[in-house]
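# Survey of secondary and tertiary structure
Chain by chain, the residues:
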Amino acid sequence: MSDSPVRYRRVLLKLSGEALMGDLDYGIEPKVIQRIAAEIATARDSGVEIAIVIGGGNIFRGAGLARAGMDRVTGDYMGMLATVMNALAIQDALESAGVFARVMSALQIHEVCEDYIRRRAIRHLEKGRVVILAAGTGNPFFTTDTAASLRAIEIGADVLLKATKVDGVYDDDPVRNPSAKRYDTVSFDTVLADKLSVMDATAIVMCRDNDLPLRVFDLGQAGALIQAISGDEVGTVVTA
């Protein structure tokens, strides 16, 4: 993290469920989630208000089973429940790191978490708590990427941070094409027109239409999460 003042007042961090797996085939790798929690704690201590939207792909992917014949709505609700499990794991890791955290779910599960209420989420952030937003939008057919864009806009985040397995946005798949070009900055319209693999189209359009910048970075790169939350130059910035 640089010595300059933090650029962002409030951020929304989008974590994929797969990011929690580490080297495992499924589930949650304790060392990975502990590292993520420690980096979030460091960034939070710099004064940034942090909300998190988490996916559930490390536990269950509704769309995949829907293609295999499962009812899509049923599969999507199962996927939402998987995100609640991940959110509780992140909450536990953050609290072990000395950070106050609240899980707020778009589905009502009062025994384990709060309902998502926009004004209450903002109040938690203002009090210095990390807010973990689970269960997507609460509706089938919407991805957690779309949920991240929606929640970021609702809470007035300065930026949407998407943590991935690559160090930014490329004009082609860098795994298949070693000559693929990485963008330092790219427009939302280019992402949509060229069908770049960043987020689903609905999420991109929501960011574009609400002037919400998006930063894509590699979660596995040491210090990248702290840099991204603090506003340092890392990964790719997607803007209007």
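Located above this text is the structure these notes cover.
Small disclaimer: the values here were computed from a predicted structure and weren't measured.

Cut-offs applied
- Residues numbered from 1 in each chain as written.
- Predicted model: local features only at pLDDT ≥ 70, side-chain atom pairs only at ≥ 80, totals over all residues.
- Heavy atoms only, no water.
- Buried < 20%, exposed > 50% of the residue type's maximum accessible area, 1.4 Å probe, protein only.
- Helix = DSSP H or I, 4+ residues; strand = E, 2+ residues; numbered from the N terminus.
- Pairing = 2+ DSSP bridges.
- Axes fitted to C-alpha atoms, helices over the stretch in contact; angles between N-to-C directions.
- Parallel < 35°, antiparallel > 145°, perpendicular 65-115°, else oblique.
- Left-handed = near helix turned anticlockwise from the far one by under 90°.
- Contact = heavy atoms within 4.5 Å.
- Nonpolar A, V, L, I, M, F, W, Y, C, P; charged D, E, K, R; others polar.
- Salt bridge = Lys/Arg side-chain N within 4 Å of Asp/Glu carboxyl O.
- Core = buried A, V, L, I, M, F, W, Y, C linked by side-chain atoms within 4.5 Å.

### Here we look at the pairing of strand β3 (residues 101-105)
Counting buried positions over the 5 residues of β3 gives 4, a clear majority of the element. Two elements, β3 and strand β5 (residues 130-134), share 5 bridges in a ladder whose sense is parallel. Its bridge partner being in β5, Met 104 is matched across the sheet by Leu 133. The pairing of β3 with strand β4 (residues 114-115) spans 2 bridges and is classified as parallel. Looking at β4, one finds that Ser 105 is bridged to Asp 115.

### Remarks on the packing of helix α1 (residues 30-45) against helix α3 (residues 72-96)
Close contact between α1 and α3 brings their axes to 9 Å; oriented N to C, the two are set at 60°. Here α1 lies oblique to α3, going by the angle between them. Of the two elements, α1 crosses α3, and the hand of that crossing is right-handed. Contacts from Ile 33, Ala 37 and Ile 40 of α1 reach α3 at Ala 89, Ile 90, Ala 93 and Leu 94. A class-by-class count of the residues in the contact of α1 with α3 yields 7 nonpolar, no polar and no charged.

### A look at the environment of Gly 156
With respect to the helices and strands, the residue Gly 156 is situated in the loop between α5 (144-155) and β6 (159-164). In contact with Gly 156, other than residues within four places in its own chain, are Arg 9 and Arg 10.

### Describing the packing of α5 against helix α7 (residues 201-209)
At a closest axis distance of 7 Å, the pairing of α5 and α7 adopts a crossing angle of 20°. By the angle between their directions, the pair α5 and α7 is classed as roughly parallel. Of the two elements, α5 crosses α7, and the hand of that crossing is left-handed. Residue-level inspection shows Asp 145, Thr 146, Ser 149, Leu 150 and Ile 153 of α5 in contact with α7, the latter providing Thr 202, Ala 203, Met 206 and Cys 207.

### Section: the pattern of salt bridges
This structure, assessed with the given rule, holds 15 salt bridges. Among the salt bridges present, the one from Arg 215 reaches Glu 233, with a minimum N-O distance of 3.9 Å. Of this pair, Arg 215 sits in strand β10 (residues 214-218) while Glu 233 sits in the loop between α8 (224-230) and β11 (236-239), placing them 18 residues apart in sequence. Sharing partners across several salt bridges, the network here consists of Arg 7, Arg 215 and Glu 233.

### Things to note about the nonpolar core
Of all hydrophobic cores here, the largest spans 42 residues; its most connected members are Ile 52, Leu 94, Ile 132 and Phe 217. Those elements giving two or more residues to this core turn out to be β1 (10-15), α1, β2 (49-54), α3, β3, β5, β6 and α8. At 7 residues, the largest contribution of residues to this core is made by α1. Sequence-distant contacts of Leu 94, that is, excluding residues within four places in its chain, are made with Ala 37, Ile 40, Ile 52, Val 99, Ala 101, Val 130 and Ile 132. With 30 residues, the next largest nonpolar core counts Ile 155, Phe 188, Leu 196 and Ala 203 among its residues.

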